[in-house]
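# Observations on chain architecture
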Amino acid sequence: MTAENQDVLLEVEEEEEEEEDGEVVLEEMAQTIVPSYGTTPDQQKLHTSEWAEFDQKPDSLFFNDGQRRIDFVLVYEDESKNENRKMSVNKKQMRKRQAYESNLISNGLQLEATRSVLDEKLIFVKVHAPWEVLCTYAEVMHIKLPLKPNDLKTRDSAFNWFSRLLRVDENIIKPEQEFFTAPFEKARMSDFYIQDKDIFFNPATRSRIVHFILSRVEYAVKDNVKKFGINKLLDSGIYKAAFPLHDSRFNRRLEDPNCPSERYLLYKEWAHPRSFYKLQPLDLVSQEVCDPNIGGNIIMCPQCDHECTYWNLTITCESSKKLCIFDSFGTLVFAVFMGIWVTLFLEFWKRRQAELEYEWDTVEFLEQEEYIRPEYEARCTHVVTNEITQQEEHVPYTACGKCVRMTFGISAVLFWVLLIVASVIGIIIYRLSVFLVFSAKLPRHINGTEAIQKYLTPQAATSVTASIISFIIIMILNIIYEKVAIMITDFELPRTQTDYENSLTMKMFLFQFVNYYSSCFYIAFFKGKFVGYPGDPVYWLGKYRNEECDPGGCLLELTTQLTIIMGGKAIWNNIQEVLLPWVKNLIGRCRSAARSEKTIPRWEQDYHLQPVGKLGLFYEYLEMVIQFGFVTLFVASFPLAPLLALVNNLLEIRVDAWKITTQFRRMVPQKAQDIGAWQPIMQGVAILAVVTNAMIIAFTSDMIPRLVYYWSFSVPPYGDHSNYTMKGYINNTLSVFNIADFKNGSKPVSLPWLGNQTTCRYRDFRYPPGHQHQYEHNIYYWHVIAAKLSFIIVMEHVIYCVKFIVSYVIPDVSQKTKSKIKREKYLTQTLLHENHLKVMKKNMGKIADRIWKGEDGTFRPKFD
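Residue indices begin from 1 for each chain and proceed along its sequence in written order. It should be noted that, the model being predicted, local features are given only for residues of pLDDT at least 70 and side-chain atom pairs only at 80 or more, the latter also being counted only at that level, while totals for whole chains, interfaces and linings use all residues. The side-chain values count all of the structure's non-hydrogen atoms but skip hydrogen atoms and water molecules.

## Examining the overall build of the protein
- Counting its secondary structure elements, the protein contains 25 helices and 19 strands.
- Under the scheme applied here, a residue whose accessible area is under 20% of the maximum for its type counts as buried, over 50% as exposed, and between as partly exposed, the area being computed with a 1.4 Å probe on protein chains only. Within the protein, the proportion of its 864 residues that are buried is 47%.
- Using the Shrake-Rupley algorithm and a 1.4 Å probe, accessible areas are obtained, with residue cover drawn only from the displayed protein chains. Carbon together with sulfur atoms contributes 58% to the accessible area of the protein, which is approximately 45000 Å² in total. A run of H or I in DSSP counts as a helix once it spans at least four residues, and a run of E counts as a strand once it spans at least two, with each numbered from the N terminus.

Structure representation (structure tokens):
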């Protein structure tokens, strides 16, 4: 018995304990109430689906009569042939399903059932929405439909020749005709642009309307609580799947010239790797460190107690060379550019979004136009008075209940955020502990000539292993929290789908922001900042000595962390999103060996594809926004991140297109005005990115100390050189410590090769031993701190000023789109309102003339 069947059995057994006899379901069916839209009188007899044999047309999108289009498909397992469940369970599931299908028919939908070709247990119920049903619900759902073709003249841009190279070939995928649209009204149907009733409602709109009905039709009433919606029937196992059909095979064009074969065209032109550069068819210092005479003569102090020993500066030669690639003046320029680019990106996205809002008829998508979630409607048991209408309405909870739900949700989210912080602390303790092990096990000879030592230093080994472990923990916590976040949001019971997605978006992003970025923030802004000095180190929890950075700083380690997390995340996402569905479909094809011998209908082919999750494209948005954070927040430490993200996204677009067109069932379309909560999230990330990059350059990189040395401490009065130079910089940034000043608790074991060496060096700006202020911060330290704070203030203000100017100069809506919106409003006002007033005035005038002439005896005037 499968887990799904066990769940269903448990559910039914619970119902049996509550019911006094086995016929309650029949009573529930008798009490079935159809939704408020398009209601019919109480039904005394159950309506049943039409039965039809497969007509051997594998690519047909119509009922057997060839006239009625299939708008949705429901799949269930024939209860009479299911031997894995008790007979009583099968009967109750069958009654609920029959009541549901009967109510679908009562609501005007037409059903045709066909048995599976491959598995006789499976029944496919094809759903068709007639013209009257489509018109009724189009008005209920405020769907905008064509009013008049777009008659505005367009001007060709000077860059058309370039943009044409990036566009999809219009001879292959023809652009859709543009229309001015208005919310549909049955009473004014003649004013809409209806050339052909069969194509007036496109397949996406038809599927959306049918899904709206499927989500609201009831199948039982128990204890005055209505049970309705296809989602509950899917969860309980009564139906196995519900999906709209693809319009063709992805690898072959249909022979019927009337079928557009859009899936085939998308696969060939959108999902193909050769189209990676095309737009998407949306309608469809190291010298001194490495010098043996300079770095080779510098003995560094141990970085941990007892186990660590003295080491030679030249060991960090290779890492210092790598660091020079990123820690340069070019990185500063690039960070400033990225701060401005983010603003340009968001502003031009707003313009593009405004165009899509108009093209997809969501410009004036008001809150009252969005229909309520079925899950919300099902819980509406409390009666309150609406302060606007002063009428009673039903809500699922009181004000106190809403506060309890919100408090619970916030507490749960904070608990998981604290759990992430605890995991980060665990990783830090791991780093502190394992550094001792690597320091004791890895060779740390004074000459540093071994090849392995160029790369496998204790710092490098600790950083790489900690980053890998951190990535694994991040992925595990993500998997767990995704389920927890959905449970919390379901418990909060948002009213509309937009409210639901916005609530879930904030929870998921807050969690993943802390999960992905916390370790990076630790390395960038905390590691090596509070370590004290060899004679008085700072300890974690009184036991673990704080980590120190390499002499070149922690920038290279931050780059390593970002590389592992970004690269690992991309690989994991591709495995999860592409490889797993492909393997599942491959296994399914192998099991259905008979498929190659029989002709399979379109609905059964689609059934064996992978189902689309309930959240649709939510995870695609989340993936892009997290990547957006990596590209913007830490670009100063990893300038290659934007390039890697660009390459990843070019491939991701085609991979997602391949996945959608070949591996998954067709998605149910949903209406949304914009990208919702993702927009303010990206704006917040863009603002935070300016601060983080300024602080990375100031506190994590070595740029500011180098500039301070070059302009102030390389020449008199602080330096000995006659010209500005970087010579002597390493010696100037490494403070001196007297070995005799080690405390007994942290004193390392003396080594024979030290000889008469009495001092060692460490990374800090402090006075040497013997000075009246020994081991206190020197004048160089305070110059560097002042320069860092000044740099942060100047960089932030400059970028924020430029961002403000750019945001002000670039309008959110282009003039072309504004003209289209104004023209549409004018036509709506003229065609749907003023014309009807004129007709009414004309008719009233005729009636007045007839009354005056005495043609109507009823209203004939009487004269004395």
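So, next bit.
## Things to note about the sheet that holds strand 2 (residues 72-77)
- Two strands are said to pair when DSSP picks up at least two bridges between them. With mixed pairing, 5 strands are arranged side by side in an open sheet as 1-3-4-2-9. The open sheet has two free edges, formed respectively by strand 1 (50-51) and strand 9 (241-243), since each of these has just one partner strand.
- Relative to strand 3 (residues 110-115), strand 1 is paired through 2 bridges, and the arrangement is parallel. Across the sheet, residue glutamate 50 finds its bridge partner in strand 3, namely glutamate 112.

## Examining the packing of aromatic side chains
- We call Phe, Tyr and Trp rings a pair once their centres come within 6.5 Å, taking the six-membered ring for Trp, and we label the pair stacked below 30 degrees between planes, edge-to-face above 60, and tilted otherwise. Per the counting criterion, the structure on display carries 45 aromatic pairs.
- Between phenylalanine 184 and phenylalanine 192, the ring centres sit 5.1 Å apart and the planes meet at 50°, which makes this aromatic pair tilted.
- Phenylalanine 192 gets classed as buried once you look at its relative accessible area, which sits at 5%.
- Aromatic rings pair up to connect Phe509, Phe513, Tyr516, Tyr517, Phe521, Phe525, Phe630 and Phe634 into one cluster.
- Positioned above the aromatic ring of tryptophan 603, the side-chain terminus of lysine 126 is 4.1 Å from the ring centre.
- Should the NZ of a Lys or the CZ of an Arg lie within 6 Å of a ring centre and within 35 degrees of the ring normal, that charge is described as sitting over the ring. Positioned above the aromatic ring of phenylalanine 212 is the side chain of arginine 216, whose terminal nitrogen or guanidinium carbon lies 4.2 Å from the ring centre.

## A word on the pattern of salt bridges
- We count a salt bridge whenever a side-chain nitrogen from Lys or Arg sits within 4 Å of a carboxyl oxygen from Asp or Glu. In the structure shown here, the tally under the stated rule is 27 salt bridges.
- The partner of arginine 97 in a salt bridge is glutamate 101, with the nearest N and O atoms 3.5 Å apart. Here glutamate 101 and arginine 97 lie together in helix 3 (residues 87-106), a separation of 4 residues that amounts to about one turn.
- Exposure remark for glutamate 101: the relative accessible area of 5% places this residue in the buried category.
- Among the charged side chains, a network of salt bridges with common partners joins Arg431, Lys527, Glu547 and Glu557.

## Topic: the packing of helix 17 (residues 555-591) against helix 19 (residues 618-633)
- As a rule, the C-alpha atoms of each element are fitted with a line to give its axis, helices using only the stretch in contact, and angles between N-to-C directions run from 0 to 180 degrees. Interaxial distance between helix 17 and helix 19 falls to 12 Å at its minimum, and their mutual angle equals 165°. The angle between helix 17 and helix 19 falls in the class roughly antiparallel. Helix 17 and helix 19 meet at a crossing whose hand is left-handed. Note on element contacts: helix 19 touches helix 17 through Glu620, Glu623, Ile626 and Phe630, opposite Leu562, Ile565, Met566, Lys569, Asn573 and Glu577.
- Three classes are used: nonpolar for Ala, Val, Leu, Ile, Met, Phe, Trp, Tyr, Cys and Pro, charged for Asp, Glu, Lys and Arg, and polar for all others, with Gly counted as polar. Among the residues making up the contact of helix 17 with helix 19, the classes are represented as 5 nonpolar, 1 polar and 4 charged. Each angle receives one of four descriptions, namely roughly parallel if under 35 degrees, roughly antiparallel if over 145, roughly perpendicular if within 65 to 115, and oblique otherwise. Crossings are sorted by hand: turned counterclockwise from the far helix by less than a right angle, the near helix makes the crossing left-handed, and turned clockwise it makes it right-handed. We call two residues in contact whenever any of their non-hydrogen atoms come within 4.5 Å of each other.

## Quick word on the state of the cysteines
- Working definition: a disulfide is two cysteine sulfur atoms within 2.5 Å of each other. Counting across every chain of the model gives 1 disulfide.
- Between the sulfur of cysteine 301 and that of cysteine 760 lies a disulfide, 1.8 Å long from S to S. Looking along the S-S bond of the cysteine 301-cysteine 760 disulfide, the torsion reads about 95°, which is the right-handed sense. With a gap of 459 residues between them, cysteine 301 in the loop between strand 10 (299-300) and strand 11 (311-312) and cysteine 760 in strand 19 (residues 759-763) connect regions that are remote in the sequence.
- On the basis of relative accessible area, cysteine 301 is assigned to the buried category, the value being 4%.
- Owing to a relative accessible area of 0%, cysteine 760 belongs among the buried residues under this scheme.
- Lacking any disulfide linkage, cysteine 400 is separated from the closest cysteine sulfur, that of cysteine 403, by 6.6 Å.
- Taking relative accessible area as the criterion, cysteine 400 reaches 57% and is therefore assigned exposed.
- Look at cysteine 403 and you get partly exposed, because its relative accessible area is 48%.

## Points about the environment of tyrosine 800
- Tracing the chain through its elements places tyrosine 800 in helix 24 (residues 779-809).
- Judged by its relative accessible area of 27%, tyrosine 800 falls in the partly exposed class.
- Linking tyrosine 800 and valine 690, residues 110 residues apart in sequence, is a C-alpha distance of 8.0 Å.

## Things to note about helix 9 (residues 262-269)
- Inspection of helix 9 places Arg263, Tyr264, Leu265, Leu266 and Glu269 among the buried residues, and these make up the whole buried set.
- Residues of helix 9 that are buried make contact with helix 18 (602-607) and helix 20 (641-662).

## Overview of the environment of tyrosine 76
- The residue tyrosine 76 is located in strand 2 in this model.
- Taking C-alpha positions, tyrosine 76 is 5.9 Å from leucine 122, a pair spaced 46 residues apart along the chain.
- Here arginine 97 takes part through its side chain, which lies 3.4 Å from a polar atom of the side chain of tyrosine 76. Polar contact is defined as a pair of N or O atoms within 3.5 Å, subject to the rule that within protein one atom must be able to donate a hydrogen and the other to accept it, and that residues adjacent in sequence are counted only when both atoms are side-chain atoms.

Just geometry here; none of it tells us what the structure is for.
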